[in-house]
Amino acid sequence: MSTTPDTEAIKKEISSCSLDSGDALESFRLKYLSRKGLIPELLAGIGKAAPEDRARLGKELNELKQLATTRFEEAKAELESQTGAQVTATDDPTLPPPPTAVGSTHPLSQTLAEIKSIFYRLGFTIADGPELEDDFHNFTALNFPPEHPARDMQDTFFIRKDEQNPENDLVLRTHTSPVQIRLMKEQKPPVRAIMPGRVYRNESITAKSYCLFHQVEGLYVDKNVSLADLKHTLITFAGHLFGKNLKYRIRPSFFPFTEPSLEMDIWWETGNRPGQWMEILGAGMVHPNVLKAVDVDPEVYTGFAFGMGVERITMSRYEIDDIRLLYDNDLRFLNQFP
Ligand code: PHE
């Protein structure tokens, strides 16, 4: 004897039960839809119903199945959209985590790191000094005559003027050479160090010049340091940084704090442009007046110094043709330097 199932009651149950959690959803599926669930069981029982009831029952049960399936799918989609990836991540702890965005090292930092490592291998230590300097360290001790044009407002950012005592004027340092003075006041020869840092110049901003940039100063003071030592150091350095095939030239130049003075250019070819000489550093033998300013006897000691532009070197290494790109912090640019 078989009884006809009360499909109306089941329909109500299916429509009204709450499916607001993964657990509820799973119980629902097991109860109504799984292979041993209620609806498949009732469908399987159709054959036992009275022949005149079969057609109606079949139709009702199929509607029931349809209803349960739709409810299940909708509740599942709703639940997933609410909890999203969280549910999957907690459901499956073996899934790899979503990728994290990692930054890249700024091209200037990459170049600086390489410069430091080359000079480290050549026996140089590292020193630094303040970016806000007084006139004495930035100019006077470096043998700049009082009326020297480099003290002009054109180049220097003056921060404080002291009319009584101009040596106390405060400036944003225009080069890293004042660190030579600070270092030699602290440490008697032998001194062999590089001094990296930011410098500032009141120049108009163009593709080639910016109001701030980086230099690496170098200083070697000891007995019997010669121009040949300087030349050898610079060529060794440039060979490591740019490769052995580097084309370079060394020209005479002038700085108040070195005598003789020179500049080093490298041959720079970017992409399809015609090549050109690019100055990357100034250098020379430390002027006797500079040694005297820090109480080192120029009759006993000699030394060489150099100062190189990190931006220039970076631009030639990476074929960057506008210095401003280095300061825009545009990720489309920076991401090209992993
Ligand atoms: N200070 C010089 C400049 O800024 C570079 C330099 C450093 C030259 C040391 C000679 C010796 O241009």
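Residues numbered from 1 in each chain as written. Predicted model: local features only at pLDDT ≥ 70, side-chain atom pairs only at ≥ 80, totals over all residues. Heavy atoms only, no water.

Let's talk about the site of the ligand
The environment of the ligand is formed by 14 residues, the closest being His175, Ser177, Arg201, Gln215 and Gly307. In the environment of the ligand, a nitrogen atom lies 3.0 Å from a nitrogen or oxygen atom belonging to the side chain of Ser177. In the environment of the ligand, an oxygen atom lies 3.0 Å from a nitrogen or oxygen atom belonging to the side chain of Arg201. Surface burial for the ligand is 90%, taken as the share of its 320 Å² of free accessible area covered by protein chains. Mapping the ligand onto the cavity grids shows that it belongs to the largest pocket. Those elements giving two or more residues to the shell around the ligand turn out to be β6 (212-222), β9 (276-286) and β10 (302-309). When residues in the shell around the ligand are grouped by element, the largest group, three residues, is from β10. (Near = heavy atom within 4 Å. Polar contact = N/O pair within 3.5 Å; in protein donor to acceptor, adjacent residues only side chain to side chain. Areas by Shrake-Rupley, 256 points an atom, 1.4 Å probe, with all protein chains shown as cover. 1 Å grid on protein atoms, 1.4 Å probe; cavity = no way out; pocket = protein on both sides within 12 Å on 5 of 7 lines; lining within 4 Å. Sits in = over half its atoms within 2 Å of the grid points. Helix = DSSP H or I, 4+ residues; strand = E, 2+ residues; numbered from the N terminus.)

As for the layout of surface pockets
By volume, the largest pocket amounts to about 830 Å³. Lining the largest pocket are 40 residues, and of these Arg201, Phe213, Gln215, Phe255 and Glu279 lie nearest its centre. Of all elements in the fold, only β6, β7 (248-255), β8 (258-268), β9, β10 and α10 (310-318) reach the threshold of two or more residues within the lining of the largest pocket. The dominant element in the lining of the largest pocket, judged by the number of residues it contributes, is β9, at six residues. Split into classes, the residues belonging to the lining of the largest pocket amount to 18 nonpolar, 13 polar and nine charged. (Points joined across faces, edges and corners; volume = space filled by probe spheres on them. Nonpolar A, V, L, I, M, F, W, Y, C, P; charged D, E, K, R; others polar.)

Focus: the domain arrangement of the protein chain
With domains assigned, the protein chain is organised as domain 1 (7-91) and domain 2 (107-334). For domain 1 versus domain 2, the separation of C-alpha centres amounts to 79 Å. (Domains from an automatic or database assignment.)

Re the packing of helix α5 (residues 107-121) against α10
One can describe the packing of α5 onto α10 by two numbers: an axis separation of 9 Å at closest approach and a directional angle of 105 degrees. Between α5 and α10, the interaxial angle falls into the category roughly perpendicular. Along the contact surface, α5 presents Pro107, Leu108, Gln110, Thr111, Leu112, Glu114 and Ile115, while α10 presents Val310, Glu311, Ile313, Thr314, Arg317 and Tyr318. Considering only residue class, the contact of α5 with α10 consists of seven nonpolar, three polar and three charged. (Axes fitted to C-alpha atoms, helices over the stretch in contact; angles between N-to-C directions. Parallel < 35°, antiparallel > 145°, perpendicular 65-115°, else oblique. Contact = heavy atoms within 4.5 Å.)

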